[in-house]
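Take a look at the letters that make up each chain.
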Amino acid sequence: MSHIAVIGAGITGVTTAYALVRQGFQVTVIDRLRYPAMETSFANGGQLSACNAEVWNSRGTIMKGLKWMMRKDAPLLFNPRPSWHKYSWMGQFMRAISGYEHNTVETVKLAIAAREHLYQWAEDEHIDFDLEKRGILHIYHTAYGFESGKRVSELLKRGGLERHTVTNEEIHQIEPTLQGTYYGGFFTPSDATGDIHKFTRGLARACEQRGVRFLQDTEVLGVRCGPPHQIQLRTGEGAEAQNHSLQADALVVCAGVGSRHLAKLLGDYINIYPVKGYSISAYLDTPESQAAAPWVSLLDEEAKIVTSRLGKDRLRVAGTAEYNGMNKDIRADRIAPLVNWTRRNFRDAATDRVVPWAGLRPMMPDMMPRVQAGSRPGVYYNTGHGHLGWTLSAATAQLITELIVQRQREAEPARSATSPAAAAAPAAARSAHPADAHSPDPVHRESHGPRPV
């Protein structure tokens, strides 16, 4: 039985561990925090949103960013302070504009595929994560925004997603608690919401029951590549910290914004940039407040704010994008627009008990996750999901598991005495996994390692 080390215990790492252990691998998950799902998988917007699959690589996004640079409460905030990583990433982001349509369509397909895995895993493992299959409603204030939404709908349709145009009256029928008048909107009935933290922790417990070992409070100091790989670790802090090592036949990097540094240690280039997002969790402590809050998930396209109802007594409101490096500070001037938006649109939903949060989305310049082999044998990546980690994770976990299975089957004849039967194994493995030969680029799984963006 091969031993796979998964680095990272967020949604991507835990779904990867689960998919691997179901295939019969021995799995160890390594994470520097004490518990799973304590960073970007802690309090995101909650949407499982194929309808939000549009990549950000467009001239319109750049123009809006320039316009918003002087506004502290802008949906997108770019700190102009010089940084080679930031400006080189932005250059690659602009070069990826040519792939806007293709990448949006491929992301939709991946998001639709992810749903069924996630729902099935939750059912198999009896995970309660406040799932609501009530759809997602996009709302627009202006004709210009609405017309832009129409063009996005055509791309989503090409990816296989059903999305309906709705009027102001229909918007209020779908979500009666929403106040205000809107130019129009779009409704995606197949999308859903849920608590990413509850799901990830529940799936981590299911992994442990299946034999997965979790090394929490453990930092990766270095890797001596094999295979087998020798991973140098430090567990604990201060005087109580202990250095030790772990041997693994393969390793999968699922470390969010930390993946760029780990890839460099492994001789690869994964150009992730941390894009900060904020959320608030409004606690609905009274029946009146609960009745005044929405159940249908919303996306205010022009404010770039989303909502998710998490059980009867919580409303998650999230949004904004901040390009400011590894800064995780929770800024009052970035939280205030979320609170004000909630008060404006749901006046009777209480905001007297609001918990703010900020997390760093691991963004690739072309907005596409990296699901691929590294340049060294036995090294893999499942990372760079950006703002759609929750939406895409179950599908990319399956893809990376299929790739590892395929590679190990192909390598098996070289490790054993060659024979006609052994030589035929790789072809049989490829025919058993036809998707491996046709994986959508740029969700990379190529044999020669990561492609520089």
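Residues numbered from 1 in each chain as written. Predicted model: local features only at pLDDT ≥ 70, side-chain atom pairs only at ≥ 80, totals over all residues. Heavy atoms only, no water.

**Points about the pattern of salt bridges**
Spelled out, the test is: Salt bridges are identified by distance alone: a Lys or Arg side-chain nitrogen within 4 Å of an Asp or Glu carboxyl oxygen. By the criteria applied, helices consist of DSSP H or I runs no shorter than four residues and strands consist of E runs no shorter than two, each listed in order from the N terminus. The buried label goes to any residue with under 20% of its type's maximum accessible area, the exposed label to any with over 50%, and the partly exposed label to all in between, with areas taken from a 1.4 Å probe on protein chains only.
Scanning all chains against the criterion turns up 20 salt bridges. The shortest N-O distance in the salt bridge between Asp217 and Arg34 comes to 3.1 Å. In this pair, Asp217 sits in the loop between β9 (213–215) and β10 (218–224) while Arg34 sits in the loop between β2 (26–30) and β3 (47–48), placing the two residues 183 residues apart along the sequence. Looking at Asp217, the relative accessible area reads 21%, which means it is partly exposed. The closest approach of N and O atoms between Glu322 and Arg331, which form a salt bridge, is 3.9 Å. By relative accessible area, which is 26% here, Arg331 ends up partly exposed.

**Quick word on the side chain of Thr16**
Basically, it comes down to this: Pairing of N or O atoms within 3.5 Å defines a polar contact, subject to two protein rules: one partner must be a possible hydrogen donor and the other a possible acceptor, and residues neighboring in sequence count only if both atoms are side-chain atoms.
Structurally, the position occupied by Thr16 is in helix α1 (residues 11–22). Under the relative-accessibility criterion, Thr16 is labelled buried at 0%. For Thr16, the side chain forms a polar contact with the main-chain oxygen of Thr12, separated by 2.7 Å.

**Structural notes on the pairing of strand β19 (residues 370–373)**
Condition: At least two bridges found by DSSP between two strands are what make those strands a pair.
As judged from the four bridges shared by β19 and strand β20 (residues 379–383), these two strands associate in the antiparallel manner. Within the sheet, the bridge partner assigned to Ala373 lies in β20 and is Tyr380.

**Remarks on helix α5 (residues 143–158)**
Spacing of three or four residues puts side chains on the same side of an α-helix, whose turn is 3.6 residues. We apply this condition: What a helix is expected to span follows from its residue count: subtract one and scale by 1.5 Å. The arc refers to the directions leading from the helix axis to the C-beta atoms. Should any heavy atoms of two residues lie within 4.5 Å, those residues are considered in contact.
Between the first and last C-alpha of α5 there are 23 Å, a value that for 16 residues agrees with the 22 Å anticipated at 1.5 Å per step. Turning to α5, its buried residues are Gly145, Phe146, Gly149, Val152, Ser153, Leu155 and Leu156. One side of α5 carries all its buried residues, which in axial view fall inside an arc of 160°. Away from the buried face of α5 by more than 90 degrees, exposed residues Tyr144, Arg151, Glu154, Lys157 and Arg158 are located. Of the surrounding secondary structure, the elements contacted by the buried residues of α5 are α4 (100–125), β5 (136–140), β6 (164–166) and β7 (184–188). One or two residues past the end of α5 sits Gly160, with phi positive at roughly 100°.

**Thoughts on the packing of aromatic side chains**
As a reminder, the rule being used: Pairing of aromatic rings covers Phe, Tyr and the six-membered ring of Trp, with a centre-to-centre limit of 6.5 Å; geometry is then stacked below 30 degrees between planes, edge-to-face above 60, and tilted otherwise. To sit over a ring, a charge needs its Lys NZ or Arg CZ within 6 Å of the ring centre and within 35 degrees of the ring normal.
One pass over the structure, following the stated rule, counts 15 aromatic pairs. Pairing Trp89 with Tyr323 gives two aromatic rings, centres 5.6 Å apart and planes at 50°, and the pair type is tilted. You can see Trp89 sitting in helix α3 (residues 84–95) and its partner Tyr323 sitting in strand β17 (residues 314–323), a full 234 residues away along the chain. Owing to a relative accessible area of 0%, Trp89 belongs among the buried residues under this scheme. Under the relative-accessibility criterion, Tyr323 is labelled buried at 4%. The ring of Phe78 is capped by Lys86, whose NZ or CZ atom sits 5.3 Å from the centre of that ring. Seen from the ring of Trp295, Arg309 lies directly overhead, with NZ or CZ sitting 4.0 Å from the centre.

**Observations regarding the nonpolar core**
Just so we agree on the cut-off: Nonpolar core, defined: a set of buried Ala, Val, Leu, Ile, Met, Phe, Trp, Tyr and Cys residues in which side-chain atoms within 4.5 Å join the residues together.
Residues Val27, Phe199, Val252 and Tyr323 are the most contacted members of the largest nonpolar core, which totals 76 residues. The next biggest cluster of nonpolar side chains, apart from the first, holds 25 residues, and it includes Ile280, Ile305, Ile335 and Trp341.

**Some details on the packing of α4 against α5**
To keep it simple, the criterion reads: All axes here are fitted lines through C-alpha atoms, helices being fitted over the stretch that makes contact, and every angle between N-to-C directions spans 0 to 180 degrees. Roughly parallel refers to an angle under 35 degrees, roughly antiparallel to one over 145, roughly perpendicular to one between 65 and 115, and oblique to any angle outside these ranges. By definition, turning the near helix anticlockwise from the far helix through less than a right angle yields a left-handed crossing, and turning it clockwise yields a right-handed one. In this classification, the charged set is Asp, Glu, Lys and Arg, the nonpolar set is Ala, Val, Leu, Ile, Met, Phe, Trp, Tyr, Cys and Pro, and all remaining amino acids, among them Gly, are polar.
Their axes nearest at 8 Å, the elements α4 and α5 cross at an angle of 55°. The angle between α4 and α5 falls in the class oblique. In this structure, the crossing between α4 and α5 has a hand that is right-handed. From α4, Tyr100, Glu101, Thr104, Val105, Val108 and Lys109 reach across to α5, where they touch Val152, Leu155, Leu156 and Arg158. A per-class count over the contact of α4 with α5 returns six nonpolar, one polar and three charged.

**Here we look at the sheet that holds β10**
With antiparallel pairing, three strands are arranged side by side in an open sheet as β10-β11-β12. Both edges of this open sheet fall to β10 and β12 (242–248), since each of them pairs with a single strand only. Recorded for the sheet is a direction-independent mean angle of 25° between the axes of neighbouring strands. Taken together, the six bridges between β10 and strand β11 (residues 229–235) define a ladder with antiparallel strand orientation. Within β11, the residue paired with Arg224 across the bridge is Gln230.

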